[in-house]
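Topology and contacts: notes
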Number of protein chains: 2
Amino acid sequence: MATSVFIVDDHYMVIEGIRSLLQHEKGIEWAGHAQSAASCLAYLQREQPDVILMDINLPDMSGIDLCLEVKKKYPFVFIIGLSTFNQQSFIQKMMENGASGYVLKNATQEELTEAIDLVCKGKTYLSDEASFALREHTAAQIILTRREKEVLELIAEGMTNNEIAKQLFISVTTVDTHRKNLLAKFEAKNVASLIRAAVKMQLIK
Amino acid sequence: MATSVFIVDDHYMVIEGIRSLLQHEKGIEWAGHAQSAASCLAYLQREQPDVILMDINLPDMSGIDLCLEVKKKYPFVFIIGLSTFNQQSFIQKMMENGASGYVLKNATQEELTEAIDLVCKGKTYLSDEASFALREHTAAQIILTRREKEVLELIAEGMTNNEIAKQLFISVTTVDTHRKNLLAKFEAKNVASLIRAAVKMQLIK
DNA sequence: GCCGGTCTCCCCTTTTTCAGGGATTTTATT
DNA sequence: AATAAAATCCCTGAAAAAGGGGAGACCGGC
């Protein structure tokens, strides 16, 4: 029986590209496509494909969140993440949320079909670049607590410790402690390098 | 006579997508594709297409720089920029460097062919989102002087005014002046918001 | 030659950050 | 119940940044 493949990507050209790559492939059936998380979820209520190729960037919800939601509702649908080369920091989160594989958008037809085949058998497929990035990223990953994230956000907004303290209804000294922990975790010597690093790691927008 | 179209994009799937969109289009001839700036330039030495669809993100050189170079050497080749929705800040630079149009990667077949037709006639095509972004961006554009850029870079590195002064062989007070001007230009109240804004506007990486 | 912009330098004051500690309570997790 | 992790709070003192000025030198364009 043929494997049905569904794709979620907001870029029409990418959908077309994958369709074109897969259309003559035996054993693969085109289940359809969606350009948003919402329409993907709507489709899944009617029918479930074997594999979903899912972009990280969607207009209404991130692929990471969508992945989690889809896996919760339809655990037997396998998900393969899709992204461009410079979004590798998301791979980790995507896999944590239940994706079975990860393919970069410059993958060849062979890589794509191999990924679909492997994933259907319950295995994991990571493109070379993806698995490399995963190792790199895991090493350099920085885990922030809830409060630290909040403080970081507000620092990035340009607020002083005093202002942050008022906003969060805590003491200035507490904010200062969180700030110090942030600086330590990022190995940054001041806010400038902190914010730069945080933006690089996609922890703030 | 048919319009020959060449495409430069490092994502194989996007190339396939566009090829699939254009292949049955009368009046459009597929000239080929390249996945890097270098191979694009190599191709152009042999023959020149009428239109190049050019991605902003290339592995070896940015599309913006490639655009400038191609236009310098082959001024009669029309270039249409290609990008995803969240890279709109590059549109301005692409147009400044001689591009004739800009299309987002979620464009439909109609938009794409319309863009190619218009551009061939020497006109400009901007997708709705692109022209909107252009207006937004132009209004909010911030022009930095040579020195300000240098200081900004070093601030982002986490250096203090003192360290920057030593590095640039100027007085601390001068660095401070530049810093103040940067804050004023960005309408930022401290480095945190300055760096965030600068990263957003792609002035630093 | 003049003007605008850039780069340079200096003054002052106040605010904020940074670097060191230390310490208690809350909240999971086992 | 014990432990670990997170969140809370406090102190001191030095360093840096921010906010407010002013001012001379250089350079390119009109």
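In the block above lies the structure referred to throughout.
In this report, the structure presented in the accompanying data block is examined. (Residues numbered from 1 in each chain as written. Chains lettered and ligands numbered in written order. Predicted model: local features only at pLDDT ≥ 70, side-chain atom pairs only at ≥ 80, totals over all residues. Heavy atoms only, no water.)

Residue and element names in this part refer to chain A. As enumerated under the stated definition, the model contains two aromatic pairs over all chains in all. Taking the centre distance of 4.1 Å and the plane angle of 10° together, the rings of F6 and Y43 count as stacked. On the criterion of sequence distance, the pair formed by F6 in strand β1 (residues 3-8) and Y43 in helix α2 (residues 37-46) is long-range, its members being 37 residues apart. (Phe/Tyr/Trp six-rings, centres within 6.5 Å; stacked < 30°, edge-to-face > 60°. Helix = DSSP H or I, 4+ residues; strand = E, 2+ residues; numbered from the N terminus.)

On to the sheet that holds strand β6 (residues 125-126) of chain A, then. Residues and elements named next belong to chain A. Taken in spatial order, the six strands of this open sheet run β2-β1-β3-β4-β5-β6, and their pairing is parallel. What marks the edges here is a single partner per strand, and that holds for β2 (28-34) and β6. Where β1 lies against β2, six bridges are found, and the strand directions are parallel. The residue bridging I7 from the neighbouring strand is H33, located in β2. Contacting β1, β2, β3 (51-55) and β4 (78-83), helix α1 (residues 12-22) runs over the sheet at an angle of about 170° to β2. Across the sheet, helix α3 (residues 63-73) is in contact with β1, β3 and β4; its angle to β3 comes to roughly 155°. (Pairing = 2+ DSSP bridges. Contact = heavy atoms within 4.5 Å. Axes fitted to C-alpha atoms, helices over the stretch in contact; angles between N-to-C directions.)

Okay, the relation of the copies chain A and chain B next. Put simply, the two copies of the chain differ by a rotation about an axis and a shift along that axis. When chain A is fitted to chain B, the residual RMSD is 0.4 Å, and the transformation amounts to a turn of 180° plus an axial shift of 0.2 Å. Here the symmetry operator amounts to a two-fold rotation axis. Identified as the residue of chain A closest to the rotation axis by C-alpha distance is G17(A), at 1.6 Å. Counting the interface residues of chain A, we find that 100% of their copies in chain B are interface residues as well, pointing to one common contact surface. (Least-squares fit on C-alpha atoms with pLDDT ≥ 70 in both.)

Let us look at the protein's contact with DNA strand D. Surrounding DNA strand D, one finds 17 residues, the nearest of these being T145(A), R147(A), S171(A), T174(A) and K180(B). Each atom of DNA strand D within 4 Å of the protein was classed as base or backbone; sugar and phosphate made up 67%. In the model, a base oxygen of DNA strand D is placed 2.3 Å from a nitrogen or oxygen of the K180(B) side chain. Elements that contribute at least two residues to the surface near DNA strand D include exactly α7 (146-156) and α9 (172-186) of chain A together with α9 (172-186) of chain B. Considered class by class, the residues forming the surface near DNA strand D number three nonpolar, nine polar and five charged. (Near = heavy atom within 4 Å. Polar contact = N/O pair within 3.5 Å; in protein donor to acceptor, adjacent residues only side chain to side chain. Nonpolar A, V, L, I, M, F, W, Y, C, P; charged D, E, K, R; others polar.)

Attention shifts here to the side chain of K71(B). Residues and elements named next belong to chain B. Within the element layout of this structure, K71 appears in helix α3 (residues 63-73). Of the buried charged residues, K71 lacks a salt bridge, with D50 as the closest side chain of opposite charge at 11 Å. Those residues in contact with K71, other than ones at most four positions away along the chain, are V77, F78, I79, N97 and G98. (Buried < 20%, exposed > 50% of the residue type's maximum accessible area, 1.4 Å probe, protein only. Lys, Arg positive; Asp, Glu negative; His and termini not counted. Salt bridge = Lys/Arg side-chain N within 4 Å of Asp/Glu carboxyl O.)

This paragraph deals with the interface of chain A and chain B. Each partner contributes residues to the interface: chain A has 41 residues there, and chain B has 41 residues. Summed over both partners, the interface of chain A with chain B comes to about 3200 Å²; 62% of that surface belongs to carbon and sulfur atoms. K189(B) is the partner of E163(A) in a salt bridge, and the nearest nitrogen-oxygen pair spans 2.8 Å. Remark: the boundary between chain A and chain B carries 12 residue pairs in polar contact (both at pLDDT 80 or more). Those elements giving two or more residues to the side of chain A that touches chain B turn out to be α1, β5 (101-104), α5 (109-120), α7 and α10 (191-200) of chain A. (Buried area = accessible area lost by both parts, 1.4 Å probe.)

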